[in-house]
Amino acid sequence: MNKIKLSSLLLFLLLTLNTIYSQENVAQKEVIKKHLNQAVVEFSDAHYDKALESSKQALVKSFAINDDLLISQSYNTIGAIFNECSESAKAIEFYNKALVYAKKLNNDKMFNWIYGNLGSVYYFSNIDVQKGINYYKKSLFYAVKIKDTAQIEYTKLNLASAYFAIGKYDLGNEQINSVKQQILSKDNEEAKMSLHLLLGIYASNNNEKEKSEQHYFIAKSIAEKNEFDAFLINIYENLVRHYKIYKDYKKAQLYQAKLDSLNKVVYSEDKLDNLKKAASQIELQEYKIQLGKIEKENEQQQKTLKDSKLIVILFIVILIILLLLLLTLYKNIKLREQANFELTQANEALMQAKEKAEEASQLKSQFVSTITHELRTPLYGVIGITNIITDEHKELTNSPHLKSLKFSAKYLLSLVNDILQINKIEERRVVLESLIFNLADEITTIQNSVEYIADKNNNKLSIEIDTAIPEFLIGDKLRLSQIIMNLLSNALKFTKNGEVILSADLKEVVDKKYFIAFKVKDTGIGIAKEHQDKIFDKFVQIERKEEDYQGTGLGLSIVSRLVELFDSEIHLESEENVGTTFFFTIGLEYDEEKSREIINNIEVDLSDSQLYNILVVEDNKINQMVTKKIIQNSNMSCTIVDDGYAAIVALERERFDLILMDINMPLINGFETTRKIREKGIMVPIIALTAFDKQEVTEEAISAGMNDVMVKPFEPSKLFQVISNNIKNKESVS
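Only a predicted model underlies this, so the values are computations on that prediction, with no experimental measurement involved.

### Observations regarding helix 4 (residues 68-84)
In this model helix 4 runs 25 Å from its N-terminal to its C-terminal C-alpha over 17 residues, within 8% of the 24 Å that 1.5 Å per residue would give. Of the residues that open helix 4, the one with a side-chain oxygen 3.1 Å from the backbone nitrogen of leucine 69 is aspartate 67.

Structure, rendered in structure tokens:
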């Protein structure tokens, strides 16, 4: 496949930023524009890690001033950097985010850039060349609409390259001929270089060896003169291919050596490592932005909940008083003794039954809690050690054995969580939250999480979201995500070489309530009519004739109960060997004024990471090793002790910024250790690390003097975020 990369959207950005923002000469926007300009310069010099850092600064500052155009531009720039470094999944993710904000503004210039970039990532990464061509055509439509001749030229050259890649050389040549004279008449070195490279490819394909080499060398000369290293790599690749076609292996070997040498410089391991670190920082900043929204909404929710509890208590008190009065009037003196006697007997029987039921429920809860704790503890070690092996032995990154080990551990963890979840629902300990969230973002996150299942079974996963649905909604996004995740995972698991479609359509609007119809449709094996009534029961797995599908049978049971919490019902339509469709409707609140207030009041933390000294109190040797590795990978230092008494001694000898405290330890547990530390007047933040369910230990942890609770296993980035927040909270108080 013959390809040339045309990164015109970033380079051309440098020339047009002044036009976009000339009407608003605001100091903060000027700073953001400088960051974007710097990103373009670093990108042109192949310093992709530095370009990503500048783009990240632009994105954070754009969110701070709530400027949709700048946010869209920052996301688009980040996507282009990832695309250049062959991180296609990340590139598509950020391009789609840029597209969301561009649609809010209906900005044709942004549409031109973003669709062009989407075309490039689908084409250059061999994801779907035809889809890339379709995006290029969209980009060309907007370039023509805004009469941007430079973008028209670049887009047609990209189209020509894509047509060449699928063997449609005549269609590609038509695109070249339509802009050839305009490009040669101008001083745009990059466009001329790209034109000659395409002409060389076309001539080589037509067996015009000398003509082909003439165009190749012109393109090579321009690239070397202007230090276009990324383009020079592409030219070397085509020259190697050209000389192999004509069996000139000596020259092919010469240009292969140049290609290998230049690749090592442009795409060095240090640059790629820095790129990954910068990507993590961007995700961290986005997390902080979302966290601010959640915290603001949580304050309002707590106030509403408090008022609701007071009303319920008053209602119950009044109701009890009325019942007592009615009972007193109804009874007479003659029947009072007999009634009291019968009431006493009945009460004793009820108390006995109640005690037995409570005892059985308590035993069940204790059993579930103990099992989940005992399973999560070794799983933390398994997942952590797998990550350590991958980090320390890069050659094993793609090992199928390690991937299988990590998948199996996470799969077992999901089963444990399913059992705990169904137990909470049955005991009515699940209460829906009201948080503000972006439905498209949540679905994109879920899509990324289940993509590996789709790839494994060779399925196409499509997402269709009604544009009439507001961007920000209010509801329990965690439970909604659980519903969609379970349904998508189930559909992808029981579908091979087929298609799964998730759609969300606005059904009706009642006051501020937006009722959204969700549908998950697959072309899988289907469910027989006689089994459809019991598919939502616990531990049910329908008999399969051909394959063994793993699972506990809890997924759809959890889905059904969570949908009921939303005051709705889930239904299905299925036919064997044709497919299955699950559908349900959930009402979510939309309050534009409240959403705008929360977004405008977001506080963005721009402070850099600091080197913290952490004390880890943990008796399990494997968990000690895993926790230590996670902390050191976050550029922090740590000291590990085996029990609570050793922790107290360590605190008397050395200063620590934070303590990670295991709860279940011999000699003295984590709660009692914390109490003794607080009695000594030591106010270092203490975070409980436990394999117990968070709801079970939070109350005792807070009363003992702990600041936060984290459940093992956890993501390393989550641990670092909790550590940073608690240390900064302590510093702000002191």
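Still more to cover.
### What to know about the pattern of salt bridges
Under the definition given, this model contains 18 salt bridges. Between glutamate 93 and lysine 97 there is a salt bridge whose closest N-O contact spans 3.6 Å. In this pair, glutamate 93 and lysine 97 both sit in helix 5 (residues 88-105), 4 residues apart, roughly one turn of the helix. Like lysine 97, glutamate 93 is buried. Lysine 220 is paired through a salt bridge with glutamate 224; the nearest N and O atoms lie 3.2 Å apart. Placement of the pair is lysine 220 and glutamate 224 together in helix 11 (residues 209-226), with a separation of 4 residues, close to one helical turn.

### Notes on the packing of helix 2 (residues 27-44) against helix 3 (residues 48-64)
Between helix 2 and helix 3, whose axes approach to 8 Å, the crossing angle comes to 160°. Taken together, the axes of helix 2 and helix 3 are roughly antiparallel relative to one another. Crossing geometry of helix 2 relative to helix 3 is assigned as left-handed. Contact with helix 2, carried on its side by Gln28, Val31, Ile32, His35, Leu36, Gln38, Ala39, Glu42 and Phe43, involves Tyr48, Lys50, Ala51, Ser54, Ser55, Gln57, Ala58, Lys61 and Ser62 of helix 3 and no other residues of that element.

### Quick look at the pairing of strand 12 (residues 708-711)
Two elements, strand 11 (residues 686-690) and strand 12, share 4 bridges in a ladder whose sense is parallel. Of the residues in strand 12, the one forming a bridge with isoleucine 687 is aspartate 708. Chirality of the crossover, the property in question, places the unit of strand 11, helix 24 (residues 694-704) and strand 12 among those that are right-handed.

### A word on the sheet that holds strand 10 (residues 658-662)
Strand order in the open sheet formed by 5 strands is 9-8-10-11-12, with parallel pairing between adjacent strands. The open sheet terminates on both sides in strands that have one partner only, identified here as strand 9 (637-641) and strand 12. Here the average twist between neighbouring strands, direction ignored, is 25°. Set on the sheet, helix 21 (residues 621-633) makes contact with strand 8 (613-617), strand 9, strand 10 and strand 11; between it and strand 9 the angle comes to about 165°. In the packing of helix 23 (residues 670-679) onto the sheet, contacts are made with strand 10 and strand 11, and the angle to strand 10 comes to roughly 150°.

### Some points on the confidence of the model for the protein
The share of residues in the protein with pLDDT of 70 or more is 75%, and the mean pLDDT across the chain is 79. Note on residues 290-295: pLDDT under 50 across the span, and 9 contacts to partners over four residues away in sequence or across chains. Taken together, the stretch residues 543-552 has pLDDT below 50 and engages in 18 contacts with residues farther than four places along the chain or on a different chain.

### Brief notes about the packing of aromatic side chains
Counted under the stated rule, the structure contains 17 aromatic pairs. An angle of 20° between the planes, with centres 5.3 Å apart, marks the rings of phenylalanine 518 and phenylalanine 584 as stacked. Here the residue phenylalanine 518 occupies a position in strand 5 (residues 513-522), and phenylalanine 584 occupies one in strand 7 (residues 579-589), the gap between them amounting to 66 residues. Residue phenylalanine 518 shares its accessibility class with phenylalanine 584, and that shared class is buried. Through pairs of rings, three or more aromatic residues link up here, namely Phe111, Tyr115, Tyr122, Tyr135, Phe141 and Tyr142. Directly above the ring of tyrosine 246 sits lysine 209, whose terminal nitrogen or CZ lies 5.9 Å from the centroid.

Conventions used here
Note on numbering: residues in each chain are counted from 1, in written sequence order. Only residues with pLDDT of at least 70 are given local features in this predicted model, and only at 80 or more are side-chain atom pairs given and counted; all residues enter the totals for whole chains, interfaces and linings. With hydrogens and water excluded, all non-hydrogen atoms of the structure serve as input to the side-chain values. The numbering of helices and of strands both runs from the N terminus, where a helix is a DSSP run of H or I of at least 4 residues and a strand a run of E of at least 2. The span expected for a helix works out to 1.5 Å for each residue beyond the first. Polar contacts, as used here, are pairs of N or O atoms within 3.5 Å; protein pairs need one atom able to donate a hydrogen and one able to accept it. Residues neighboring in sequence count only if both atoms are side-chain atoms. Any carboxyl oxygen of Asp or Glu that lies within 4 Å of a side-chain nitrogen of Lys or Arg is treated as forming a salt bridge with it. Accessible area is worked out with a 1.4 Å probe on protein chains only. A residue is then buried under 20% of its type maximum, exposed over 50%, and partly exposed in between. Note on geometry: axes are lines fitted to C-alpha atoms, helical ones only across the stretch in contact, with angles between N-to-C directions running from 0 to 180 degrees. Any angle between 65 and 115 degrees counts as roughly perpendicular, while under 35 counts as roughly parallel, over 145 as roughly antiparallel, and the rest as oblique. Put simply, a crossing is left-handed when the front helix is turned counterclockwise from the back one by less than a right angle, and right-handed when it is turned clockwise. Here, two residues are considered to be in contact whenever any of their heavy atoms come within 4.5 Å of each other. Two strands are counted as paired when DSSP detects at least two bridges linking them. A crossover gets the label right-handed when its path from the first strand over the helix to the second runs clockwise, viewed with the strands pointing away from the viewer. Every residue carries a pLDDT, the predictor's confidence in it, which falls somewhere between 0 and 100. Here a Phe, Tyr or Trp ring, Trp counted by its six-membered ring, pairs with any other such ring whose centre lies within 6.5 Å, and the pair is stacked when the planes are under 30 degrees apart, edge-to-face when over 60, and tilted otherwise. Comment: the charge-over-ring label is applied if NZ (Lys) or CZ (Arg) is within 6 Å of the ring centre and within 35 degrees of the ring normal.

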